[in-house]
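Below, each chain spelled out in residue letters.
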Amino acid sequence: MSGSPDPALSRPVGDAVKHTTCYMCACRCGIRVHLKDGRVRYIEGNPDHPVNKGVICGKGAAGIMNHTSPARLRKPLKRVGPRGSADFVEIEWDEAMDLAAQWLGDVRRTDPKKLAFFTGRDQSQSLTGWWAAQFGTPNFAAHGGFCSVNMAAAGLYTVGGSFWEFGEPDWERTKYLLMFGVAEDHDSNPIKTGLGKLKARGAKVVSVNPIRTGYSAVADEWIGIRPGTDGLLVMALIHELLDADRIDLEYLVRYTNAPWLVIRDPGAADDGLFARDAYGNPLCHDLGKGVLVDATLPDVAPALVGEVALPDGRTAVPAFQLLAERYMDAAYSPDAVAERCGVPAATIRRLAAELAHAAFDEAIALDIPWTDWAGRRHAVTTGRPVAMHAMRGISAHSNGFHTCRAIHLLQLLLGAVDCPGAFRIRPPFPKPIPPGLKPAGRNSAPGKPLAGMPLGFTAGPEDLLLEDDGTPIRIDKAYSWEAPLAAHGAMHMVIANAWKGDPYPIDTLFLYMANMSWNSSMNTAGTMAMLTDTDEAGAYKIPRIIYSDAFFSEMVAYSDLVLPDTTYLERWDCISLLDRPICSAEGPADAIRQPVVEPDRDVRAFQTVLLDLGARLGLPGMVTEDGAPRYRDYADYIVNHERSPGIGPLAGWRGPKADCVGRGAPNPDQLQAYIANGGFWSHELEPGQQFYKFANRDYLDFAIHMGFVAEPKPMVMQIWSEPLQKFRLAAEGHGPVQPPDALRERVRTAFDPLPVWYPPFEGARVDEREFPLHALTQRPMIMYHSWHSQNAWLRQILGRNHLYVNTATGRRMGLADGDWVRVTSHHGAITVRVKLMDGVNPDTVWTWNAIGKRSGAWNLAPDAPEAAEGFLLNHLISERLPGEELSNADPVTGQAAWFDLRVRIEKVADASVAEPQFAAIPRAPGLPAAPRVRDRL
């Protein structure tokens, strides 16, 4: 009997299986959903899917509990009581849509920018951004401004791609992986699989992170750095590599702007810009010819050091010389930065030596011929088997942009970008540096669409969105002098600015999947007060709030009109090359979600609702010439929408015969082709196209066909950033567009064309003796945002959070596991339970993010552990800097500086519940009674 299977375990789980894409985090893994009698019974990984290849994590498997959650909204709701009271009445969809269209129509006819349309962690931003542009409002953005815009912008302004969704380590070939600030919720299945491959091959994994959990716990070496000092550590590594002459000069000459001549003329309007010829081409000094030549020509022999005379009599030096002069300075030596970073100087020197050894002594060559942009044939593809990966842990600081850029600079010096064994860029990247898309908004006018998309990339002060008097055009002040490179907007400032009427009041706040009254907000208590504050006449300062969500989140109670969304198993979605696709370094890929079941509630997919609203408003592109809706629903849009001729949301099976890749006429059977293929499409590049994409002729030709780039020019990677220097010159008094006097020094310092380090803003503005500890959050591998701490299965794993304190630090304070402490910042105080652990930087405390819930929200019992003992650090964080009106953010991109928080902790003896506590939110109409099963661990 021992070898016989249990008959009960061998029975089919269901009577049907459908393929779709998971939405339990941002991985976008392929899943197979087992159904029985039309109901979801089981979710497993799709073994054919290119992202996860059958692997599924705890979140993915628990998707069934999100889908059946008692917190699901069931019908449109209209507020009838005060905001925050959750006093709603259920209404029909016709009334809800009529009301929304009336509010939005009034705004569009008068002043479109008085609509602020912001979305959370949705995956349809190519649609929502296009909708905002057609409406005519510049006030659109998604969650990236408070998540990872530093990561994206720093990469796109340096190497034409970035970490996370736009690049990945070469898991198959790297011999040394260096990670910075990577928590285990992002890209978790691919990273876990990749780490397994590295471990099996004996590659070394080093994790730089103040907290030793997840990937840091399984790394071969953990570097418990002090928060906010990663940039200093990286610059010390650069110092060591330069000092030892262990850099890839050939790579720098061929693929970066290291040889380009930089004008040295202090006080001049072009100081620090590249010297150019009469045609605008950058110049270098050709050693062979002894003259100045176009630096972009192939086969030049440029100098990397040495001052040269320009035709006008001034002098210039190569960008590389400026780099060397900066980082070879003793201020960046390991001895100089060790104490500040909390990393011994000897460790820094060893890490630099290990990087150099792996890159140069273990260099690899693949028998793969390829042709570069200039037509030069390379018999082999060479590689540096050193890979790096970074994420929100370094991004969410006020110095995060430059830290991210410094990591890319480190890679460039090693010759380790998009070559075998290194960090590899995923299609549709690399893009021109910076990408050519400019933010639109200056032409916002009643009844008119914008001239372009609301989000884009500024290349100088002339691209900022400013009124004639210099005030910001956008409500969040993105693309103003407060955040000139705000490529993802500044979502964390929307409510505060709208409440204050700075730079102007708005009429309607339209949110999707954005829990802005709770875990997506800095200054939670203040934000709730702003959402309910009234003027002298008793009218709300933010007059109207429309909100769409699938669940009864904390934000629902503060909304005037609630449009209930479906779960991800009940709708069509498009994981598009126009947005955030599922590509790998080996080639492009995209995917769909299909409704595997029909909703059992009166709910509608938000994307379809948005298109319906667009048709009701007569938005261009959403109606036909006779005014009828152009798209039946989101599925119809996915198939038939074209962003440019032949380019649509999905790249696979295009054209009337379904035989076109990337570019082709709409195919009415396209979605069925995706379903037949397991819900995804992928294309593997030829071996000779897969590396050096920024300079690979065959890849560039393919990228033009796909619509990724417009012309087959190489993307020269930017060591010295001329766009940053242009902003700095404006701060020094040059040009027609200049910052206000109060911001000149801030811009001059922050817009250094080489990566620079400065102390995080909050720590520099408070007394560090009064607030001696850094305080951070991390997302656990088993949960993602606030969606999952209402999930019945996942709550059993993590139903309450603690404040984790370094064991030695805690014992000095007389703390033990389970003690209650008061945690105080310059902004507020919370009372929480602690646990001691060894694996955390001694000057750092931390907790899991988004576990704490407001009592009554998410249809949890009012005394659920998530409300009684769970907590948020958000209560301690201000959206503005201490004593200032400026955003608590990176001054380059506007990235919310969540991780700059400084606190002190004190033991309290009489606590029994986490503080602060807010009044319980009454259950919304239509929701079932809250579950009473309670975790008592």
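Everything below is about the structure printed above this text.
All figures in this text were calculated on a predicted structure; none of them were measured in a lab. (Residues numbered from 1 in each chain as written. Predicted model: local features only at pLDDT ≥ 70, side-chain atom pairs only at ≥ 80, totals over all residues. Heavy atoms only, no water.)

Is there a simple way to think about the overall build of the protein in this case?
Scanning the protein from terminus to terminus reveals 27 helices and 34 strands. Rg of the C-alpha trace for the protein: 27 Å, near the compact-globule value of 30 Å for 937 residues, within the 12% margin. For the protein, the spread of C-alpha atoms along the three principal axes comes to 80 × 80 × 75 Å. Expressed as a percentage of the 937 residues in the protein, the buried residues total 65%. Long-range contacts, defined as pairs at least 24 residues apart, comprise 71% of the intrachain contacts of the protein with a sequence gap of at least 6. Entry remark: accessible area of the protein is about 31500 Å², with carbon and sulfur atoms responsible for 51%. Side-chain charges in the protein split into 95 positive and 110 negative, and the spacing between the mean points of these groups amounts to 4 Å. (Helix = DSSP H or I, 4+ residues; strand = E, 2+ residues; numbered from the N terminus. Rg over C-alpha atoms; globule rule 2.2 N^0.38 Å. Buried < 20%, exposed > 50% of the residue type's maximum accessible area, 1.4 Å probe, protein only. Contact = heavy atoms within 4.5 Å. Areas by Shrake-Rupley, 256 points an atom, 1.4 Å probe, with all protein chains shown as cover. Lys, Arg positive; Asp, Glu negative; His and termini not counted. Charge placed at Lys NZ, Arg CZ, Asp CG, Glu CD.)

Please explain helix H17 (residues 524-532) as it appears in this structure.
One turn of the α-helix equals 3.6 residues, which is why residues spaced by three or four share an orientation. Every buried residue of H17 is accounted for by Thr524, Gly526, Thr527, Met528, Met530 and Leu531. Residues of H17 that are buried make contact with helix H16 (494-500) and strand E24 (544-549).

Which parts of the structure should I look at to understand the sheet that holds strand E26 (residues 573-575)?
Paired through backbone hydrogen bonds, the strands of a sheet run either parallel or antiparallel to each other. The strand order across the open sheet formed by three strands is E26-E27-E28, and the pairing between neighbours is antiparallel. Of all strands in the sheet, those with a lone pairing partner are E26 and strand E28 (680-682), marking the two edges. Ignoring which end each strand starts from, the neighbouring axes of this sheet average 10° apart. Pairing of strand E27 (residues 589-593) with E28, which is carried by three bridges, proceeds in the antiparallel orientation. Bridged to alanine 589 within E28 is serine 682. (Pairing = 2+ DSSP bridges. Axes fitted to C-alpha atoms, helices over the stretch in contact; angles between N-to-C directions.)

Would you mind showing me how to read the layout of surface pockets here?
To find leftover empty space, one rolls a probe the size of a water molecule over the atoms. Its volume calculated, the second largest pocket comes out at about 680 Å³. In terms of lining residues, the second largest pocket is bounded by 34 residues, among which Pro50, Lys53, Glu168, Ser584 and Glu586 are the most central. The element contributing the most residues to the lining of the second largest pocket is helix H7 (residues 188-201), with five residues. A per-class count over the lining of the second largest pocket returns 14 nonpolar, eight polar and twelve charged. (1 Å grid on protein atoms, 1.4 Å probe; cavity = no way out; pocket = protein on both sides within 12 Å on 5 of 7 lines; lining within 4 Å. Points joined across faces, edges and corners; volume = space filled by probe spheres on them. Nonpolar A, V, L, I, M, F, W, Y, C, P; charged D, E, K, R; others polar.)

Where do I start with the sheet that holds strand E34 (residues 902-908) in this structure?
In space, the six strands of this closed barrel follow the order E29-E33-E30-E32-E31-E34, with mixed pairing throughout. Strand-to-strand twist in this sheet, taken as the mean axis angle between neighbours without regard to direction, amounts to 45°. Pairing of strand E30 (residues 803-806) with strand E32 (residues 829-837) involves four bridges; the strand directions are parallel. Considered in E32, the bridge of leucine 803 is made with valine 834.

Teacher, can you tell me more about the packing of helix H9 (residues 230-243) against helix H12 (residues 334-341) here?
Two quantities define a packed helix pair, namely the angle between the axes and the distance from one axis to the other. Where H9 contacts H12, the axes come no closer than 9 Å and their chain directions differ by 160°. Classed by the angle they form, the pair H9 and H12 counts as roughly antiparallel. Remark: the crossing between H9 and H12 carries left-handed chirality. Of H12, the residues touching H9 (which contributes Leu232, Leu233, Ala236, His239 and Glu240) are Pro334, Val337, Arg340 and Cys341. Looking at side-chain class alone, the contact of H9 with H12 contains six nonpolar, one polar and two charged residues. (Parallel < 35°, antiparallel > 145°, perpendicular 65-115°, else oblique. Left-handed = near helix turned anticlockwise from the far one by under 90°.)

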